[in-house]
Every structure is written in C-alpha cells, then in structure tokens.
Amino acid sequence: MMLEPWIIFLADLVAIFSIYLIINLSLNLEFGFAGIPNFGKVLAVGAGAFVMGMLPIGLYGVMFGMTQHSIHDNLEMTQLINERLAVHPELGFLVFGITISVAMAVGMLLGLLSSYPAIRLRGDYLAIVLLAFGEMIRIVGINQEELVGGTLGVRVPDLLSFVPEEYRFLMFSVLLLGFAGMVYFAVSKFTGSPVGRLLRAMRDDETAVQALGRDTTKIKMKVLMVAGMIAALGGLLYASYVEGVVAFGYNRLNWTFLPFVMILVGGLANNKGVLVGTIIFVAIRKLVIYFNDGLDGLIPFDIIWLDYLLLGGIMLVVLMFRPKGLMPEKPNT
Amino acid sequence: MMPISIDSLCCGYGKHQILYDVSFEAGQQITVIVGSNGSGKSTLLKAICGLADVYSGEISLYDKRITGLPTYKIMSMVSYMPQTNNVFGDITIRDNLLVASMPDKPDWNHIFEFFPMLQDRLHQKAKDLSGGQRQLLAMAMCISKKPNIILFDEPTASLSPAASNMVLEKIKEIQTALHNCIVLVEQNVKDALAIGDRCYLFAGGKKMFSGKPDVLLADKDFDSKFLGLADDNTS
Amino acid sequence: MIILVDAAIYATILSILCVGLTLTYKITNVPNFAHTSFAILGMYMALIVTKIFDANPYLAIPMAFVVSGATSLFLYYFVLRILQKRTKSFLPLIVATLSFDIFMIGILNILADTITSEFQVISRDFTLRSHDILIFDMPAILILSLAATACLVLGLYYMLYKTKFGIKMRCSIENTSLAQIYCINTQRVFCVSWFLSGGLGGTAGVFLAVWFQGDPGLSVLLLPSVFAGSIVGGFTSIYGSIVGGLVIGFSEILVTDLLARNFGYWIVSYRPIIPFLFIITTLLLWPRGLSEIIKKVQERI
C-alpha cells in the first residue's frame, strides 16, 4: 500500500514542525526570556545530531558483535542493524534512550561552555562570540572524518525498523509530535513559574536583580545548560528523522538564523507565539519547495535561491513593520 | 516680530508626554524659565531645537514656522547649549569652535572678546578642561555664529557658587553686548531671576506664571509655592 | 615565495574589508554581518567587465565601488536607520544585517546563475588571474593591493583629521545629538560612511577576483576573517582594523603553511578555525585589541 501524497506532505510538515518547535523553544528560553542572544544555536543542535550519528552505531556494533568499520562500512552496517532491530525493537528503544541521555548531557556541557562568554560579555560582542562558537562545529564535523563521516556523512539506524514500512513514516511524525508536546509543556511550566519572571526581570534590568540578592551568573549558566539540553534533543531527533547526519547541513542558516526568524515573527518571550511562528515558517518553506517545481525551466537560475530572497525579505519586513512579532509578549503573566 | 513664539504646544518623547498646552514668547532680552525638576522646562528648549516629539501646537522663530523641521536646519537660526555633554571631548578646543561656526570660519576676535581664557588653550582637548571651563567653552561655541537666539539649559548645574556666578554674569554680558534673545533655564532661581528681564514658571508640564521677575519675587507665597517644591525635589 | 605573495595580497584585501566593517561599526554601532557580500558583489562586477565586456578587470573598480556602495547605503538608509530610530537595542540590527546577508546570498547566486545561462561564462569557482598584467615582473595585483592599502591609510588620515567632513564625522561619532545641535547633518555623515564602507568592500572584491577563486559562497567563508581582523584591531579603531586585517591575513596563510609543513597537510582544512580562535580569545581576554597600542603610537607621533 502506498500513502497518499497529501498524507506524506502533512506527515513531513508535522515532523519538521515538531523538530523546529523544540529548538525554537530552547532559543526562546535563552533569548526571549533571559536575553542572551545565542547566535550559536547550531552548536548544541549539531552536537545532538553528531551524537546520534556516532553513538548508536557504535553501541549496536558492540552489542551485535560486528566487525565492520562504523564509518567506512557505514551503509552495510546500518542495513544489518536495521534488520536486527526489526526483530528486537526493545534494543532499539534502549539504545535510543541512552543516546538521548548522552546527547542531552553533551548539550548541557556546551551550554556551560557558552555561559563562559555570556557572563563576561555584553551585547553585540557576546553575539559575535557565540556565532563563532556555532560555526566551529561544522568545520570540525566536515574535517574530522571519524566523527560523522566528514563530507560524506553517515546513516543512522532506524529506530522504527519493526514497524511495517508504509506506516513507519507516519509513526515517526507522531513520535516527534509527542516529544515536541512534552518539551512545550515543560518549557511553558518553567517560564510560567516564578523562575520565568525572574529571567525576564534579569533580561530587563540585570543590576536590579543583582541588587535583590540573586546571582545572575548562576541563573544564566542554568538557562544556557537547560536550553543546550533541549536543543541537542532537537538535533538528535532531526538526525534520526532524516536517518543520517551530514556535517554540511548544520549551518548558520538552517539552525541559527531560521529559529531566530521563527521566534521573532511569532513573538519573543511568548511560547504560543513561538508555536505560531514555527508553524508559519515551516509551512511556507514546504509550500515554496512544493510549488517551486512548477517554476523550473521558466527562469534562468536555480530556484532554491528564491528561498533565500524570501527568507531574508520576510525577516526584514517583520523587523521593520511588526517588531514585536505576531503575538507580542504579555506583561506580567 | 517675536524671536520665539510658541502656541499651545504639546510635546514629549515617544509616548511619554511632558508639556501640556504651553504658550510661550521670548523677545530680545533675557527670558528665564524656572520650575522644579521634571516640570518640562528643558523639554521646551529641546522642542524648539527639534529634539522632542511635537504632538500639536506651533513653534515659530521670527514668524517662520519651524515645527517638524530637522534639527540641523533649525540650528542655523538658534544656538542651544545642552545641560550636559555640551562639548566634543575627543577633539581640540579649536576644532570644537570650528565645528560650532561651520559653515563659516570662526570669528576669533569675537570669541576671545568674551572668552579670553580660551586663547592659549586652543590645542588642548576639550575633555581635559575643568567643569567651569567646559561650560565657558560650550558658551563660546554658542556665540561663535553670532546667533540672534541662544538657549541655555541649566548652564550652572554642578558648578561651584563662584563659577556659576561667573557664568550668569557672562550671559548678562553677552546679552548687553549683542542685544539678542536669550532663554535661560535655571535651577538656581534667585540668581537667575536677578539677571532676567522676563520670567516663566513651569510646574507639571504646564505654565503657571509669566511676567516680570520682581512680581514673582515679590509674591508672598513664592517660597512655599516654588522654592519649597524645588527643595522637596532636589533633596 | 608564492606563499608570501599570496599572504600579502590576501592580508591587504582583508584589511581593506576590515576598515569598512570598523567604519560602520564605529559610526553607527552596527556590526554588519552582510559586509562581505558587498565584496562578492564587487567580484561579480569584475567578472562581468572582464568576461562579458572583454576589458581589464581593474576597470571594474569604479563600477564595483558604486554598486557595492549603493547596496550598502540601501541597507543603512532603508533598514538600519529606521530600526535605529525605533529602538536602542542592538539585536534587531544584528538580525537585520544577517537577514540582508541571506537576501544577498540569494541575489549573488541568481546573478551567478544568470551570467552562466545567458552569457555562457563560468561564474562559480572562476579566476581572472590570467587577465592580470605584470608590473616590474610582478603581478600587478600585489602592487595595487599594497598601494590601495597605503592610500587608504593616508587618505583616511587626511579625511578624518584635515578636512571639514572629517571633523564632522568625528563629532557625529562622539555625540550625535550635539553634532546635530551644531548644524551637522549627521544623517548625511552616516550615509556617506555606509556608502564608503560598501564601496571599499566592492573594491576589495575586484582585487579578490583577480587573484583568488571567486564564488558566491566565499562571502560566508570570508566573514569570520573580516570580523576577526576588526576585533583584533579593537573594533572601533580604524588604524587598528588595518593592522588587525594584516595580522589575520598573514596568520591564516603563513601559520597554516608553517603548521602544515611540520605536522602534515590535514591541518590546512582547519584554516577556517583560525579567525574564530582570534575572535574568541581577543574578546574574552583582550577586548580592546590592538587599539590600545595604536593609540599610544599615535600619541607619540
């Protein structure tokens, strides 16, 4: 049985939406609530994906006593692993669980690392340093072949190998939506609590919060660690959704700029706004790709560049005419 | 023809309104504006210079409507001395005066006639001057273009009593020599009223009194109505 | 020897770009993340002049200066100026220049594709090195890029310290509202600076096209080096940025070469990390960069 095209379209939309929602919520926590301009968002996202590309295949290799090289015989190995997982789904979930914990720990460490400049620098200097942090992960990923296969990338074993092939795609979208729902619930709970109010107070007037006896250094560290964890989870889920990791893909455009666009359009420091912004942009990008095929051959250039014009253009228009986003922050809620 | 005439002006900064329906006139004499902190007296000067947002009302200089003009255009008719940061610290005194008299060359004789002490400091950087000297440089910059209208925003703030007397005397001297229109905003009420020809009292963004300074000084309730208020706010 | 020539050309081009970036940061407080896209625009002007109009690449400099300058002015006048009026926060400005950069990547790629499809000219990974001329048996680009940097140093000094516009500029930087009070049209000063910054970027792009491989993707690769140069120079010091650009340019090429000779050629692919390391260490450990030293030297002169 083949799925209807519109179901595939919708399932993919839901999956990409869920992944971006998770990442955007973490960015909103740092930037919207705590006021830390994390222009190196791609760092934690990429790290999560890299863990997904490295760890499971190694664990399965040991578990199943495989002798192949995880990078050089990557394709063969993932195929064999997927065959085994179809029979032993519980192993898949076990490894997935381990991978998630490791990825989140790595994300947390990277958050701790980013807090070093975040505590010491202000404003645009901080933004530039964090941007530099973010760029480094791609350079390392491309050049260190033993991490995630360098320029060729690696494949990631399919957790849902036991599900009949025609439902696998749908199942994964549902799984991702579940993760996104959990993160949304947890983050909303957190930002609605007194801690959330403290974060916003710190963003608006750091000295005042310090004067009240709160250690803003510690608060910033904690926020960056939590956000790093969430972002790593997002990166990991993306890698397992597309069943592979290619270091080239973890660039500034997709995992830093786009999340910023989404939360700025939706509304800073407003989780519902983030939800709306994410839906709008994921839908627009999917539709652009969908309808682009019709334009092929009519214009003398590659159509993907229109995507750049559109993204950059929309962001500029929003900044100029709707600076608070579609759903502005509510005071004192 | 009045040098400055303002008709029912409402203005402020962004959404924050400061002045409510203020009418104001200044002739070729020293007009003093007094009032407590936050009464909007400095904002009036800024509104004339195009540095505050005008919501309604008209500002005219010599019957020429200037409301809404960009600052650099208005300033070809007016000199304005801000309360703080009124000189360019990173450049020399000579360059400061050069900038102040652009597009013409400075008339050095005219400047040194009023401010002889600047003569041998021309190549010093302005940030190396003392507080009082800096105010004098700022005043020299104001007169370098021989303007018909000069606006002084609290020129004696944060100066010692001796220095502030010197500054006020200088203002009187300038007006006597040039016969121009000077508007002086002051906290230092009694000294300022002593050199003023006409005065305005502002409170809460509204004009409370206008007339001769001696009328205000003679008012029996002057202390409680005005100085008391000022003391409350400054202490 | 060739590595020294490479390093000298790259370093001087980089310092021209750093001056532009520092100029607009110093004057309007905007770290312009779209700055290198002006250079790539200049690069394509050089390609068009050389391959389509069959002329010497250096003839593209005036065109590149004007086109890139106008693009830069557009960014300032229609976007940043309006955002700055509304808010004091630096974040919308950063996001705006990042957005403009994304927009420019689209434009540059469309330009490249169109040049190929309409004129059958290779527009990706192209080089114009064979069109360069020789002066005293040396590639003209080496002499010209060095001369351009020297002119820039002297020209900027003359403009900033000896002309009325320079005084106006320094006043506008120090205290915008006071400058307005003294009849300086600060808006015009800012616009001229942005035009100049973009124009310098475009000129640097022409030089780049003559010696190195041109590609729309170069913009992203070059940006960290330019920021590193400006930051090492102190980010607000024009002369610091010239020195900073030279430091980054030489170390990117010479240090990589040195390390590669001793530790193996795998190191070459890590060259992009060098500017990031400079950025991070400078901002965290020595935020004023070279500007302190430059200031002392200037005062002694």
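Everything below is about the structure shown above.
Residues numbered from 1 in each chain as written. Chains lettered and ligands numbered in written order. Predicted model: local features only at pLDDT ≥ 70, side-chain atom pairs only at ≥ 80, totals over all residues. Heavy atoms only, no water.

Student: Before we move on, can you summarise the overall build of chain C with the specific residues and values?
Tutor: The helix and strand inventory of chain C stands at 12 helices and 2 strands. Going from the N terminus to the C terminus, chain C shows its helices and strands as α-α-α-α-β-β-α-α-α-α-α-α-α-α. Relative to the compact-globule value of 19 Å for 301 residues, chain C shows a C-alpha radius of gyration of 19 Å, a close match. C-alpha atoms of chain C, sized along the principal axes, occupy 55 × 45 × 40 Å. Within chain C, the fraction of its 301 residues that count as buried is 59%. Restricting to contacts in chain C with at least 6 residues of sequence separation, those with at least 24 account for 77%. Split by element, the accessible area of chain C, about 12,000 Å² in all, is 69% carbon and sulfur. For chain C, the distance from the average position of its 19 positive side-chain charges to the average position of its 14 negative side-chain charges is 17 Å. (Helix = DSSP H or I, 4+ residues; strand = E, 2+ residues; numbered from the N terminus. Rg over C-alpha atoms; globule rule 2.2 N^0.38 Å. Buried < 20%, exposed > 50% of the residue type's maximum accessible area, 1.4 Å probe, protein only. Contact = heavy atoms within 4.5 Å. Areas by Shrake-Rupley, 256 points an atom, 1.4 Å probe, with all protein chains shown as cover. Lys, Arg positive; Asp, Glu negative; His and termini not counted. Charge placed at Lys NZ, Arg CZ, Asp CG, Glu CD.)

Student: I'd like a description of the interface of chain C and chain A, backed by residues and values.
Tutor: Quoted interface sizes are often the accessible area lost when the parts come together. Of the residues lining the interface, 47 residues belong to chain C; the matching set on chain A comes to 39 residues. Both faces considered, chain C and chain A share a buried interface measuring about 3,800 Å² in area, 81% of it formed by carbon and sulfur atoms. On the chain C side of the interface with chain A, the three residues burying the most area are Ile-102, Phe-276 and Leu-284 of chain C, jointly 15% of the side's total. Along the contact surface separating chain C from chain A lie 1 salt bridge. The partner of Arg-252 of chain A in a salt bridge is Asp-101 of chain C, and the shortest N-O contact between them spans 3.8 Å. Where chain C packs against chain A, one counts 6 residue pairs in polar contact (both at pLDDT 80 or more). Every element with two or more residues in the side of chain C that touches chain A is listed here: helix H3 (60-86), helix H4 (91-119), helix H9 (218-232) and helix H11 (273-285) of chain C. No other element matches the 20 residues that H4 of chain C contributes to the side of chain C that touches chain A. (Buried area = accessible area lost by both parts, 1.4 Å probe. Salt bridge = Lys/Arg side-chain N within 4 Å of Asp/Glu carboxyl O. Polar contact = N/O pair within 3.5 Å; in protein donor to acceptor, adjacent residues only side chain to side chain.)

Student: Explain the interface of chain B and chain C to me, and be specific about the residues and the numbers.
Tutor: Across the contact, 24 residues belong to chain B and 15 residues belong to chain C. Around 1,800 Å² of area is buried between chain B and chain C when both sides are counted, 68% of it from carbon and sulfur atoms. By the criterion of area lost to chain C, the three top residues of chain B are Tyr-72, Phe-88 and Met-102 of chain B, representing 36% of everything that side buries. There are 1 salt bridge connecting chain B and chain C. Across the contact surface, chain B and chain C share 4 residue pairs in polar contact (both at pLDDT 80 or more). At the level of elements, helix H2 (71-74), helix H3 (93-101) and helix H5 (131-143) of chain B are the ones that each hand at least two residues to the side of chain B that touches chain C. For the side of chain B that touches chain C, the leading source of residues is H3 of chain B, giving 4 residues. When its residues are assigned to classes, the side of chain B that touches chain C shows 16 nonpolar, 5 polar and 3 charged. (Nonpolar A, V, L, I, M, F, W, Y, C, P; charged D, E, K, R; others polar.)

Student: Pulling in residues and values, what's your account of a nonpolar patch on the surface?
Tutor: All names here are of chain A. Taken together, the side chains of Met-63, Leu-94, Ile-98 and Val-102 present a nonpolar region at the surface, about 310 Å² in accessible area. Considering each element in turn, the nonpolar patch owes the most residues, 3 residues, to helix H4 (residues 89-120). Relative to the helices and strands, Met-63 resides in helix H2 (residues 41-63). (Patch = residues over 30% accessible without salt bridge, like charges linked within 9 Å, V, L, I, M, F, W, Y side chains within 5 Å.)

Student: Tell me about the environment of Val-282 of chain A, and name the residues and values.
Tutor: Residues and elements named next belong to chain A. Within the secondary structure, Val-282 sits in helix H12 (residues 271-295). Val-282 sits in the buried class, given a relative accessible area of 5%. For the pair Val-282 and Arg-197, spaced 85 residues apart in the sequence, the C-alpha separation amounts to 30 Å. Ignoring sequence-local partners within four residues, the contact set of Val-282 consists of Leu-13, Ile-16, Phe-17, Tyr-20 and Met-262.

Student: I'd like a rundown of the nonpolar core, residues and numbers included.
Tutor: Ranked by internal contacts, the top residues of the largest apolar core, which has 279 residues, are Ile-4, Leu-151 and Ile-171 of chain B. If you tally residues by element for this core, the top one is helix H1 (residues 2-28) of chain C, at 15 residues. Once residues within four sequence positions are removed from consideration, Leu-151 of chain B is found in contact with Ile-4, Leu-45, Ile-48, Cys-49, Val-78, Ser-79, Tyr-80, Met-81 and Val-183 of chain B. One finds Tyr-60, Phe-64, Met-77 and Leu-85 of chain A within the second-largest nonpolar core, a separate group that totals 8 residues. (Core = buried A, V, L, I, M, F, W, Y, C linked by side-chain atoms within 4.5 Å.)

Student: Let's hear about unusual backbone geometry: which residues, and what values?
Tutor: Peptide bonds are trans in most cases, and residues, glycine excluded, mostly fall at negative phi. Here the phi dihedral of Glu-154 of chain B falls at roughly 45 degrees; this positive angle occurs in a residue that is not glycine. Of note, Glu-154 of chain B is situated in the loop between strand S7 (149-153) and helix H6 (161-178). Positive phi values are uncommon outside glycine, yet Asp-125 of chain C reaches one of about 50 degrees. Structurally, the position occupied by Asp-125 of chain C is in the loop between H4 and strand S1 (134-135).

Student: I'd like to hear about the environment of Gly-199 of chain C, residue by residue, with values.
Tutor: All names here are of chain C. If you trace the backbone, Gly-199 turns up in helix H8 (residues 186-211). A residue is classified by how much of its surface remains accessible, and Gly-199, at 0% relative accessible area, is buried. A sequence separation of 41 residues divides Gly-199 from Gly-240, and the C-alpha atoms of the two residues are 20 Å apart. When sequence neighbours within four positions are dropped, the list of residues in contact with Gly-199 reads Phe-65, Ser-68 and Gly-69.

Student: Residues and numbers for the pattern of salt bridges, please.
Tutor: A complete count under the given rule lists 20 salt bridges over all chains for this structure. Several salt bridges converge on common partners, so that one network encompasses Glu-135, Arg-138 and Arg-252 of chain A together with Asp-101 of chain C.

Student: Can you tell me about the arrangement of the chains, naming the residues and giving the values?
Tutor: The interface with the most contacts, out of 2 pairs of chains in contact, is the one formed by chains A and C. Separating chain A from chain B is a minimum C-alpha gap of 16 Å, and the two share no contact.

Student: Mind laying out the packing of helix H2 (residues 35-52) of chain C against H9 of chain C, listing which residues take part and the relevant values?
Tutor: All names here are of chain C. Viewed as axis vectors pointing N to C, H2 and H9 meet at an angle of 130 degrees, and their least axial separation amounts to 8 Å. With respect to their mutual orientation, H2 and H9 come out oblique. Note on packing geometry: the crossing formed by H2 with H9 is right-handed. Packed against H2, whose contacting residues are His-35, Thr-36, Ser-37, Ile-40 and Met-43, the element H9 presents Leu-218, Ser-219, Leu-222, Leu-223 and Val-226 at the interface. Of the residues assigned to the contact of H2 with H9, the class counts are 6 nonpolar, 4 polar and no charged. (Axes fitted to C-alpha atoms, helices over the stretch in contact; angles between N-to-C directions. Parallel < 35°, antiparallel > 145°, perpendicular 65-115°, else oblique. Left-handed = near helix turned anticlockwise from the far one by under 90°.)

Student: Break down the packing of aromatic side chains for me, with residues and values.
Tutor: Going through the model one piece at a time under the given rule, you end up with 28 aromatic pairs over all chains. Measuring from centroid to centroid gives 5.9 Å for Phe-65 of chain C and Phe-195 of chain C, while their planes differ by 75 degrees, and the two rings are edge-to-face. Taken together, the residues Phe-65 of chain C in helix H3 and Phe-195 of chain C in helix H8 connect sequence positions 130 residues apart. Here Phe-65 of chain C falls in the partly exposed class, since its relative accessible area comes to 23%. For Phe-195 of chain C, a relative accessible area of 27% gives the class partly exposed. Of the aromatic side chains, those joined through ring pairs into one cluster are Tyr-20, Phe-50, Tyr-238, Tyr-250 and Trp-255 of chain A. One Lys or Arg, Arg-120 of chain A, reaches over the ring of Tyr-116 of chain A and ends 3.7 Å from the middle of that ring. (Phe/Tyr/Trp six-rings, centres within 6.5 Å; stacked < 30°, edge-to-face > 60°. Lys NZ or Arg CZ within 6 Å of the ring centre and 35° of its normal.)

Student: An account of the side chain of Ser-240 of chain A is requested, with residue identities and associated values reported.
Tutor: Tracing the backbone shows Ser-240 of chain A in helix H10 (residues 216-241). In this view, Ser-240 of chain A contacts Met-52, Phe-96, Val-156 and Phe-172 of chain A; residues no more than four positions away in its chain are not counted.

Student: I'd like a description of the sheet that holds strand S4 (residues 53-61) of chain B, backed by residues and values.
Tutor: Hydrogen bonds between backbone atoms are what pair the strands of a sheet, whose relative direction is either parallel or antiparallel. All names here are of chain B. Reading across from one edge, S2-S1-S4-S5 is the order of the 4 strands in this open sheet, with antiparallel pairing throughout. The open sheet is flanked by strand S2 (16-26) and strand S5 (64-65), the only strands paired with a single partner. Pairing of strand S1 (residues 4-13) with S2, which is carried by 7 bridges, proceeds in the antiparallel orientation. Pairing of Ile-4 across the sheet is with Ala-26, part of S2. Along the sheet, helix H1 (residues 41-48) contacts S1, S2 and S4; its crossing angle with S1, the most-contacted strand, is approximately 105 degrees. (Pairing = 2+ DSSP bridges.)

Student: Describe the pairing of strand S8 (residues 181-185) of chain B, listing the residues and the values that go with them.
Tutor: Residue and element names in this part refer to chain B. Burial runs high along S8: 5 of the 5 residues are buried. Alternating residues of S8 divide into Cys-181, Val-183 and Val-185 and Ile-182 and Leu-184, and every residue in both groups is buried. Direction of pairing for strand S3 (residues 30-35) relative to S8: parallel, over a ladder of 4 bridges. The partner of Ile-33 across the bridge, within S8, is Val-185. Note that the unit made of S7, H6 and S8 has a crossover that is right-handed. (Right-handed = clockwise from strand over helix to strand, strands pointing away.)

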